[in-house]
Every structure is written in C-alpha cells, then in structure tokens.
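# Summary of structural features
Chain by chain, the residues run as shown.
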Amino acid sequence: MKPLRIALTKGRLEDDTVALLEKVGMNCDNVHNKGRKLILPIGDGSIEVVLAKAADVITYVEHGVCDLGVVGKDTILEHGGSFYELLDLGFGKCRFALAGPTGRNFFTGYHTKVIASKYPNVARSYFEGKAMDVQIIKIEGSVELAPLLGLADAIVDIVETGTTLKENGLAVIDTICHISARLIANEASLKLRKVEIECLAARMEQAKEEAQ
Amino acid sequence: MKKNNLITPEGTHDLLFEECLARQAVENKLTSAFRTRGYNEVMTSCLEYYDVFDPDASGISPEEMYKMTDRRGRLIVMRPDSTLPIARLVATRLQNHQLPIRLFYNQPVYRSNPGLAGRLDENAQAGIELMGASGIRADLEVLTTAVEALSSCCPDFRLELGHAGFFREFARQLPISEEEREDIRCAIETKNYAALDTILDSLPQTMAVSGMRQLPRLFGGEEVFQQAKEVCPTKAALETLSYLHQVYHAVQDLGLGSHVIVDLGLVQRNDYYTDLIFTAYTEGYGDSILFGGRYDNLLARFHCPMPAIGFGIDVEALTRIALSKGHYNAPPAAQVLVYGENGYSIKALAHARALTHQGLRCETSVAETREEAEAYARSLGICRLDVVGARISEVLL
C-alpha cells in the first residue's frame, strides 16, 4: 500500500500539526531532523509528510499528489479550490478583520473607499456581501503601512492580538471571520482510502479534544 | 505590443504523436462501447447562445463560460457542457422521435478556470444521454454502459453512487431560508463538518437536523445503508434509500463487486440532477473521471418535458492516465524508404503506392541523391531502402 501523503504548511502550523501527530502516537523524528529533505516518512512509514507553503498545500491536495493537507482557513478563503475540509484542528487561531485609523468612522461619506490587503479575494467577497463598492489594492508586505502613507482608507488583514494595529494607530472596525488550521482531503483520496483517512482524522480530533 | 504568436492560451495544449494515438484510442474505445449499445452520435456546434446555459438551469456559473457576441450583439458562449445543447437538440429536432432516444457525443467543452492551477480550459469529453425513459431499467442501462465504457480504457476504477433526493428531502424538513440551504449544501459538498455543525447548531434539533449532520459522513460500502436507515427523517427518504440500495446491488451483481461505493452526501449541482447521481474515481488521479446522473427537469426548460439520464467521461484524464502507464509510444519510423533515381520519380511513386497497398508504412524520398536518401533513412531508423531505377533494388540498412 502506498503511504498516505500529508502536506503541512511550513512554519507554525507545521510545528502544531507535528505536536498533534506525536500526541496521536506517531514518531515524527524525521520531521524534526529533516535537513534538506522535502518528503519525510513518519510513524511506521504508513504516512509521509510533505512541507510546503500554504497555498501550495491546497494545490497539491487539489491535484491529488497529496492525499491530505493542513492549511489555515485564511488560505482556503483566499485561494479557494475543490477539496474536502474534514476537520477544524483548533490551532493557528486568529481572525480576518477590517481595520482603519483609530477614531475615524470608516462607513461615513460617499467617496469610494480604498482598501489595502494581502487577501484581495477575502476583501472583495466581504465588501460584495455588504453591497459596498470599494477599490482594492494588493499589498505584499506590511499592510498597516498603506493607511499610514495615505494610500488606503482601511485594510483587510489577519489579526491575532491587535498589538501591531495599535502601535500604528489602527483599530479593528469589523471582524470578518474567524480562522484556524484545517485538515483538508483530496476528493478521490477520501473515497479510495476512506478507512485510513477517517481513522487518522478521528485520532487527530480525539487528540485535539484531549488537549483542550 | 507583445505578440502571443508562439504560445497557446492558458489552459490549452497541443497534442503530439503518441499523445494523439492515446487520445484517439481512448475515444475509439469509448465511442465503440456506446455504439454497440445502440447509442447514436450527435455533434453540436462549439458556439451556442448563452441562454442555453442559463445558470439557473445548468448550475454553471457565468464566470466559467467563454463568452462573445454575434453580429447582432447577442451573447454567445463556447459550449461549457454537452448535455444542455443535446437537450436543446432533442427538444427542437427529435420531438417526434421514438422514445427513448439514445445519443452519444464526443466533443470538447470549454470552461474558464482560475489561472495557473493546472486545469485545462479545453477538455475533451465523451458521454451518453438516454432521454425519454425513467425507472430502474433506464438507470441500470446507463450505469452498465458507463461501467463498460470505462472498463475498456481504465479497468481499475471505483464507481460511486449517490442520490439527489436525500439532500432535497432532508432540506425540506428544515426551517431554513434559500441562502442557508445553499450554505448547508456547500458544507456537505466539501465535507466541511465544522461549518455544517455551526449552521445546524443554530436550528431546533430535530431528526432531520441530525440526519443532515450525518449526510456527508454517509459514504462507503454496504454499511452505509444500515447507518442511513437510522437517520432518514421521512418515508420518502427511506424509499429513496431503498431504491439506491437496489441499484447498488444490481451494479455489484454486474461484476463490479467491491468496486461500487456510495456517498449519500453527493450533492454537486444538486438542483440540476434530480435523482440518481454517479461518479467514478481511479487510483492516482485526483479528480473524478466520470460524472453523471438523472436530470428529469431539464428538458422542460426547452419546452419538451421528459425524463433523462446521462453521463460524461473525462477523455483528457483517461488519455493522461494511459500515457502515464506507458501504453503508447512515439510512432515508429516508416518500414521502407523509396528513392527514385533521376528520371524514375513517377515509377518510384507507383512503387511506393504498391507497397502501401501491401500494408507497409512507406515514405517516398524527396532527396536529390541516393546518398542523401540513405543518410536520411539511417538517421530515422528506416531499415529498408528501395532504389527505383530501370529495375528496383531492395537495400537493407
């Protein structure tokens, strides 16, 4: 039997997922000592971990070259795609928020607002839902800069504690949605390897609930 | 301005040599499976009016369609699907035809996909439509044809059965708005248990709600039917379940055995499909390779109400699978090269024609000299050179 291949989002989600997998009883030494390797067998070898950037996790799962993936809801909302979203893993928690300069009422006035964001699709669907015409500008780096420099009226970004916003004279205007890490599955893989995948998902869910 | 004269549009590709062989072989196997079961081929225009694919009827979003206008400003699309044009064709041109009507198609469909995701915008599809027949005999007829056609190209596949009636019946029991219904449908379609629970938690906890909660989890084999029996909220849902069970057994008995699976949470384009839905997967290919179902309301859209069922097979996917298995190799060199000496070129052409009539693959040389012809044959690996002069000499290289 081919090993089950799971793509993890590099960085913090990777660490949290590995911790969860270890709690499930899988030996993840290969991930801790990965060196330059990109495909790492874990546990008894029936599972292989692949490390990738967030959006690539979705791409690999969508095409079925990885059976499972762990990726943030933020990436899912921005990137879209067709796959099964099996489990809310409960870590990597934060939220999408609309934020603007403190003390200024964002919703007043009739001029078209300019919104800076690293997540243009999330921003677009949020304002479409409000039937508000806005101009969205994609920013790659620190989005907080855009309103400070006068480029944008507000930003749509991920907010964890709100400290960065506060330090830059910005405040949350509205929470768009909550975010956490998700376990996703390729559609064909779930159908063809139902027992293995459901068993792993159930163990992960149980470990998550025990941790809480 | 930068010219795009050396590349193909995103989501399209050229096919060369063995790729063409593989594609043609797949098409031939599928179409001959359809033909031997009494289905007749139709071809529809690549260009259709947008109105044929009205998103409310087709479930195809306007963003996915390649659009243009005709001379009078009417909106035209490149067909994003073959079933709707065939429904149009049946409703307008085969009104008085003996029912049921058995048709098959083998033509590409066009969808505008989000860029750089590795999906094709031009996708070859082949499938059948059985129009004017309902009931289990018609459903099984189409399922067997699907199994036979797929088996001829890709023996190792899993056929999955579902039924649009479950979601419809469960949703009818819930006090929900149209939007909430769509949110629930999406959550079930993507097996997003977390999102589904969030929506359902806000409703009064009835049997239909707990059934809906289970719906995306109800997939697998025989055991699903037992589990589903316990959560079916109404008599109608139970009847649907027993119908599906009957179909499941029949398909198993047809020789598929454990290769049939069920998924009661199959809700794709739900309002398009009305009853049985089915799809197929194969190891090593991340997407479904066949999709079909019964769509009894569609023909009424074209003012010719009649029941209908059909499926489409992803020819592109089967071609890629066949190529990845190494079933097709680059076409071999010709068996004979015919070179005519000066003054004998007509005789050489006649000789080549005689050879091809014997069934040999044969090229006629366009070289000026015999040495050039020989060098050409050697470089391509052609093993025999026929030199045509006053007499014909055969040289083995």
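Residues numbered from 1 in each chain as written. Chains lettered and ligands numbered in written order. Predicted model: local features only at pLDDT ≥ 70, side-chain atom pairs only at ≥ 80, totals over all residues.

With that settled, consider the overall build of chain A. Scanning chain A from terminus to terminus reveals nine helices and eleven strands. In terms of overall dimensions, chain A has C-alpha extents of about 60 × 35 × 30 Å along its principal axes. A buried classification covers 40% of the 212 residues belonging to chain A. Across chain A, the fraction of contacts at a sequence separation of at least 24, relative to all contacts at a separation of at least 6, is 66%. (Helix = DSSP H or I, 4+ residues; strand = E, 2+ residues; numbered from the N terminus. Buried ≥ 20, exposed ≤ 12 C-beta atoms within 10 Å, placed from the backbone. Contact = placed C-beta atoms within 7 Å.)

When helices and strands are tallied, chain B shows 14 helices and 16 strands. Taking 397 residues into account, the globule formula puts the C-alpha radius of gyration at 21 Å, and chain B, at 27 Å, lies well above it. Here the C-alpha coordinates of chain B stretch approximately 95 × 55 × 45 Å along the principal axes. Counting all 397 residues of chain B, 39% fall into the buried class. Summarising the internal contacts of chain B: among those between residues at least 6 apart in sequence, 68% fall at separations of at least 24. (Rg over C-alpha atoms; globule rule 2.2 N^0.38 Å.)

All names here are of chain B. What UniProt calls "binding site: L-histidine" (unreviewed entry) maps, in this numbering, to Asp-81, Ser-82, Thr-83, Arg-111, Gln-125, Glu-129, Tyr-272 and Tyr-273. As for its position among the elements, Gln-125 is in strand β6 (residues 122–131). For Gln-125, a count of 22 C-beta atoms within 10 Å translates into the label buried. When sequence neighbours within four positions are dropped, the list of residues in contact with Gln-125 reads Ser-82, Pro-108, Val-109, Gly-312, Ile-313, Asp-314 and Val-315. (UniProt positions renumbered as here; feature names shortened; annotations may be inferred.)

So, on to the nonpolar core. Counting 125 residues, the largest nonpolar core has Val-61 of chain A together with Leu-150, Ile-289, Ile-313 and Leu-318 of chain B as the members making the most contacts within it. In terms of residue count, the dominant contributor to this core is helix α4 (residues 136–153) of chain B (seven residues). In this structure, Val-61 of chain A is in contact with Ala-7, Cys-66, Leu-68, Gly-69, Phe-83, Ile-184, Ala-185 and Asn-186 of chain A, ignoring residues within four places of it in sequence. The next biggest cluster of nonpolar side chains, apart from the first, holds 22 residues, and it includes Ala-97, Ile-139, Val-156 and Leu-170 of chain A. (Core = buried A, V, L, I, M, F, W, Y, C linked by C-beta atoms within 7 Å.)

The next thing to look at is the sheet that holds strand β10 (residues 276–282) of chain B. Residue and element names in this part refer to chain B. Pairing in this open sheet of nine strands is mixed, and the strands run β1-β5-β6-β12-β11-β10-β7-β9-β8 from one edge to the other. Looking at the sheet topology across the chains shown, the edges are occupied by β1 (40–41) and β8 (219–220). Note: β10 against strand β11 (residues 285–294), five bridges, orientation antiparallel. Across the sheet, Ile-277 pairs through a bridge with Gly-293, a residue of β11. (Pairing = 2+ DSSP bridges.)

All names here are of chain B. Of all seven residues in strand β12 (residues 308–314), seven are buried; the element is thus mostly enclosed. Here β12 shows no split at all, with Ala-308, Gly-310, Gly-312 and Asp-314 on one side and Ile-309, Phe-311 and Ile-313 on the other all buried. Bridge count between β11 and β12: five bridges; the pairing is antiparallel. When the bridges of β12 are listed, Gly-292 appears paired with Phe-311.

This next bit is on the interface of chain A and chain B. Contact residues are listed per partner, giving 14 residues for chain A and 18 residues for chain B. Partitioning the side of chain A that touches chain B into residue classes produces four nonpolar, four polar and six charged. (Nonpolar A, V, L, I, M, F, W, Y, C, P; charged D, E, K, R; others polar.)

Feature annotation in UniProt assigns "domain: ATP phosphoribosyltransferase catalytic" (unreviewed entry) to the following positions: residues 53–205 of chain A. With 35% helix and 32% strand, residues 53–205 of chain A has its two end C-alpha atoms placed 24 Å apart.

One can read the domain layout of chain A as domain 1 (4–92 + 180–211) and domain 2 (94–177). Spacing between the C-alpha centres of domain 1 of chain A and domain 2 of chain A amounts to 31 Å. (Domains from an automatic or database assignment.)

Attention shifts here to the environment of Leu-20 of chain A. All names here are of chain A. Structurally, Leu-20 is set in helix α1 (residues 12–23). For Leu-20, a count of 23 C-beta atoms within 10 Å puts it in the buried group. Leu-20 has contacts with Leu-89, Met-204, Ala-207 and Lys-208, leaving out every residue within four places of it along the chain.

Let us now look at the packing of helix α7 (residues 193–201) of chain B against helix α8 (residues 207–214) of chain B. Residues and elements named next belong to chain B. Close contact between α7 and α8 brings their axes to 10 Å; oriented N to C, the two are set at 170°. In terms of orientation, α7 and α8 fall into the roughly antiparallel class. Contacts between α7 and α8 involve Leu-196, Asp-197 and Leu-200 from the former and Val-209, Met-212 and Arg-213 from the latter. The class makeup of the residues in the contact of α7 with α8 is four nonpolar, no polar and two charged. (Axes fitted to C-alpha atoms, helices over the stretch in contact; angles between N-to-C directions. Parallel < 35°, antiparallel > 145°, perpendicular 65-115°, else oblique.)

Okay, the sheet that holds strand β4 (residues 68–72) of chain A next. Residue and element names in this part refer to chain A. One open sheet accounts for six strands, arranged β2-β3-β1-β4-β11-β5; its pairing is mixed. Because the sheet does not close on itself, it has two edges, and the strands there are β2 (39–42) and β5 (84–88). Pairs of neighbouring strands in the sheet enclose a mean axial angle of 30°, with direction left out of account. Bridge analysis of strand β1 (residues 4–9) against β4 gives three bridges, and the strand direction is parallel.

Parts of the prediction with low pLDDT should not have their coordinates interpreted in detail. Residues and elements named next belong to chain B. Of the residues in chain B, 98% have a pLDDT of 70 or more, and the chain-wide mean is 92. The secondary structure element of chain B with the lowest average pLDDT is helix α2 (residues 55–58), at 84, and the one with the highest is β1, at 98. Prediction confidence for the complex, expressed as pTM and ipTM, is 0.85 and 0.73 respectively. (pLDDT = per-residue confidence, 0-100.)

Moving on, we come to the environment of Thr-164 of chain A. With respect to the helices, strands and loops of the structure, Thr-164 of chain A is situated in helix α7 (residues 163–167). In this structure, the C-alpha to C-alpha distance between Thr-164 of chain A and Glu-144 of chain A, residues 20 residues apart in sequence, is 8.2 Å.

Before going further, it helps to examine the domain arrangement of chain B. By the assigned domains, chain B splits into domain 1 (18–324) and domain 2 (336–396). Taking only C-alpha atoms into account, the centre of domain 1 of chain B sits 54 Å from that of domain 2 of chain B.

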